[in-house]
Amino acid sequence: MSDDQPARRARGAAVFSAVVASLLVIGGIVWLGVVDKSRSTPPAAAAVSGASCTWTPADATQNPALTKTGTPPTKNLPTSGTRDMTLATSQGTITVKLDVTHAPCSAASFAYLASQRFFDDTTCNRMTTTGIFVLQCGDPSKTGAGGPSYTYAHENLPTAAVNYPAGTVAMANANDPDGNGSQFFIVYKDTPTDPSNGQSVLPSNYTIIGTISTGLDILQKVAKGGTDNANGPGDGAPKLAVKITSLTVGPVVAG
């Protein structure tokens, strides 16, 4: 992501820089953003062990963009079924079916943060309309470096050639296998493939947490409105602002 202060955009600043051919590298930084040097980066522990999740503390005193949240429970977490996540936004209501079976730690994290009203009154700060087609949300600081005071490891990484089809909801991260926090992106149009090799232009490095149940049309309307091109053509804040007035997560539904 282009920024005059790349160190502040470390955490999820993300997902979008990689669109233009050599867009896997921006200013010498691999694609999803600058790794946040304010956090230690121990070897990533397995995200799931039975009904347990591992949360790596992040130092909010060294990165003022982080929000002190504590950490979610680590044990006795649901590991099957789905949970409905509802985003009431300034453009309409979007509902997401969180995949507890394949991304139990992500579902637990969103439920925990939602219980703290972490996402309420936040703005989806970035959209791309060229090359990849996503809206990114989940940063209360609006800097691209924000998130909770913990991270967790990848789970449910995609394997298909079109790895992020329309309606996919996935975690943004700073090219860090233990770097998932609160920033997420919603895909409103299928990720394209590179005709030279048939591979997706978007690396399979982002945990898929669920799929949109309703509201895909809202994102498509926002995309048609374009971006302010702050980060280049078709890359910036959406002109039709998307403010999350509330984000809630419902109970587990057996799958």
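Keep in mind the model is a prediction, meaning the values are calculated, not measured.

Here's the deal with the packing of aromatic side chains
Piece 1. Using the criterion set out here, one finds 11 aromatic pairs in the structure.
Piece 2. Plain terms: the ring middles of Phe118 and Phe119 are 5.1 Å apart, the flat faces sit at 80° to each other, and that makes the pair edge-to-face. The same class applies to Phe118 as to Phe119, namely buried.
Piece 3. A network of ring pairs unites the aromatic residues Trp55, Tyr112, Tyr150 and Tyr152 as a single cluster.
Piece 4. When the ring centre of Phe133 is taken as origin, the NZ or CZ atom of Lys189, which lies over that ring, is 4.6 Å away.

Some words on the state of the cysteines
Piece 1. Using the criterion set out here, one finds two disulfides in the structure.
Piece 2. The residue that forms a disulfide with Cys53 is Cys105, at a sulfur-sulfur distance of 2.1 Å. Residues Cys53 and Cys105 are joined by a disulfide whose S-S torsion is about -100°; by sign, that bridge is left-handed. Of the two residues, Cys53 sits in strand 4 (residues 52–53) while Cys105 sits in helix 1 (residues 104–115), which places them 52 residues apart along the sequence.
Piece 3. Of the residues examined, Cys105 reaches a relative accessible area of 1% and is grouped as buried.
Piece 4. Ordinal numbering of bonded cysteines along the chain defines a disulfide pattern of 1-2, 3-4.

Observations regarding helix 2 (residues 216–224)
Piece 1. Within helix 2, the full set of buried residues consists of Ile218, Leu219, Val222 and Ala223. For helix 2, the angular spread of buried residues about the axis comes to 140°, placing them on one side. Structural note: helix 2 exposes Asp217 and Lys224 on the side pointing more than 90 degrees away from its buried face.
Piece 2. Where helix 2 terminates, the next one or two residues include Gly226, which has phi positive at roughly 80°.

Some thoughts on the side chain of Ser200
Piece 1. By the element assignment, Ser200 lies in the loop between strand 15 (184–187) and strand 16 (208–214).
Piece 2. The exposure class of Ser200 is buried, given its relative accessible area of 17%.
Piece 3. A polar contact is formed between the side chain of Ser200 and the backbone nitrogen of Leu202, at a distance of 3.0 Å.

About the criteria used
- Residues numbered from 1 in each chain as written.
- Predicted model: local features only at pLDDT ≥ 70, side-chain atom pairs only at ≥ 80, totals over all residues.
- Heavy atoms only, no water.
- Phe/Tyr/Trp six-rings, centres within 6.5 Å; stacked < 30°, edge-to-face > 60°.
- Buried < 20%, exposed > 50% of the residue type's maximum accessible area, 1.4 Å probe, protein only.
- Lys NZ or Arg CZ within 6 Å of the ring centre and 35° of its normal.
- Disulfide = S-S within 2.5 Å.
- Helix = DSSP H or I, 4+ residues; strand = E, 2+ residues; numbered from the N terminus.
- Arc of directions from axis to C-beta.
- Polar contact = N/O pair within 3.5 Å; in protein donor to acceptor, adjacent residues only side chain to side chain.

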